[in-house]
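What follows is the residue order along each chain.
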Amino acid sequence: MSRTATPRNDVPLALAAALVALLLALFVPLAHRVAAWPESLTHLRTDDDAVLAEHRRALALPRPPAWREALRAWDQWSSAAASGDSARSLDARHRFAELFAEASATSPTAGTAIRALAAQRFLDGLTDPRAPLTRIAARHGLAPGGPWYATPAARLAWFSLRWVRNAAPTHDDGAVEPIVDSLARLSPASQRAFVSWALDARCTGLIGATATRPLTPDDVRACAAFRKDLLPLVRTMDPSYPVDEAFADTDAMLAAGLRATLTDALSRPDGAVDEALRARVAGDTQAALVRARDGYAAMLERRRDRRIERRFMAVVQALSEGD
């Protein structure tokens, strides 16, 4: 009677395999359900080549009369804006808008040609940290050495939007048209490049905050409002973009940012925070958390997504801590 021999190491190997399987079953699902806050919005893909090609074509246009005067007025505005002199900046903006309107009226392509010349001077000046527009771009994270999303196309789109907003008619108090109206003056490729940058940028980059000034609650609110103004445009730019998720993420980041401003204020030497300000920040934080919770919950009703589950858990936990 024969007997099949069993290798002596089969049992330890089988036990080890069973133990690994048990550990994976126990801990891997939990790892996917650890609460996590969103740190950025989903990246919007762009056609950078199209933006750069448009710029090259514009540079090849004939230079209209009075282009030098328009560029000098732009330089004066740039210098005033970089210095932080709001009164001088407003006067320079009015002067630039007047001169540019006159210069661009000479031909259908005159305005495009002048803007392209100014944009190229901006790009060339990025190597000089003392250049006024380079200093402004640095505040927005768009100078050389900036984050990965500060691409040449993003810089061009940012410059173009700044140009058209300053060239647009202004009120006496300096108020300009809504950002979405200004974006409509750009080409579709430039619109998309700017919106993509704005969705990727950190709050300090969006508002152009300097490193020496901490963010305030108003700064954080402005960042969230800016992103929310742009998100409806994304639906038309890319129907596959997760806009609902981006709205919920924006509210979650708003809540986290507001809480951080209070933490920063309390950590300063004086540690004094106005109670009225504290109450308003707490109320806005709670409201943002509720909106984020409801947004994530609505998405989870439609389909299960572990990433959304983790973010839902984070805002629910934050809401319970505030009770």
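Numbers given for residues are sequential positions, taken from 1 along each chain in its written order. Given that the model is predicted, a residue must reach a pLDDT of at least 70 before its local features are reported, and side-chain atom pairs must reach 80 or more before they are shown or counted; all residues, however, enter totals for whole chains, interfaces and linings. Remark: hydrogens and water are excluded; side-chain values derive from all non-hydrogen atoms of the structure.

**Considering the state of the cysteines**
- The term disulfide is used for any two cysteine sulfur atoms that are within 2.5 Å. In the structure shown here, the tally under the stated rule is one disulfide.
- Here Cys203 connects covalently by a disulfide to Cys223, the sulfurs 2.0 Å from one another. An S-S torsion of about 85° defines the bridge between Cys203 and Cys223 as right-handed. In this pair, Cys203 sits in helix H10 (residues 203-207) while Cys223 sits in helix H11 (residues 217-237), placing the two residues 20 residues apart along the sequence. For the pair Cys203 and Cys223, a shared accessibility class is recorded, and that class is buried. Segments assigned H or I by DSSP are reported as helices when at least four residues long, segments assigned E as strands when at least two residues long, and all are numbered from the N terminus. Each residue is placed in one exposure class: buried if its accessible area under a 1.4 Å probe, protein chains only, is under 20% of its type's maximum, exposed if it is over 50%, and partly exposed if it falls in between.

**Some thoughts on the confidence of the model for the chain**
- A score between 0 and 100, pLDDT records how confident the predictor is in each residue. When pLDDT is averaged along the chain, the result is 87, and 84% of the positions lie at 70 or above.
- Note on contacts: a residue pair qualifies if any of its non-hydrogen atoms lie within 4.5 Å across the two residues. Taken as a whole, residues 1-9 scores under 50 in pLDDT and shows zero contacts with residues more than four places along the chain or in a different chain.
- Below pLDDT 50 for its whole length, residues 20-28 participates in two contacts with residues either more than four positions away or in separate chains.

**Some words on H11**
- What a helix is expected to span follows from its residue count: subtract one and scale by 1.5 Å. If you check H11, its first and last C-alpha atoms are 31 Å apart, about what 21 residues at 1.5 Å a residue would give, namely 30 Å.
- Take the seven residues that end at a residue and the seven that start at it, fit an axis to each, and the angle between those axes is the bend at that residue. Helix geometry: H11 is bent most strongly at Leu231, by close to 30°, with proline Pro232 lying one to four residues after it.
- Along H11, the residues that are buried comprise Pro217, Asp219, Val220, Arg221, Cys223, Ala224, Arg227, Leu230, Leu231, Val234 and Met237.

**Quick word on the side chain of Thr134**
- Note that Thr134 resides in helix H6 (residues 132-139).
- Here Thr134 is in contact with Gly125, Leu126, Asp128, Pro129 and Ala143, once residues within four sequence places are set aside.

**Concerning the nonpolar core**
- Among buried residues, the Ala, Val, Leu, Ile, Met, Phe, Trp, Tyr and Cys ones that are joined through side-chain atoms within 4.5 Å form a nonpolar core. Of all hydrophobic cores here, the largest spans 60 residues; its most connected members are Trp158, Phe159, Trp163, Phe194, Trp197 and Tyr241.
- For this core, the leading source of residues is helix H7 (residues 152-167), giving ten residues.
- Setting aside chain neighbours within four positions, we find Phe194 in contact with Ala157, Trp158, Leu161, Leu183, Phe226 and Leu230.
- Of all hydrophobic cores here, the second largest spans 18 residues; its members include Ala248, Leu254, Leu289 and Leu319.

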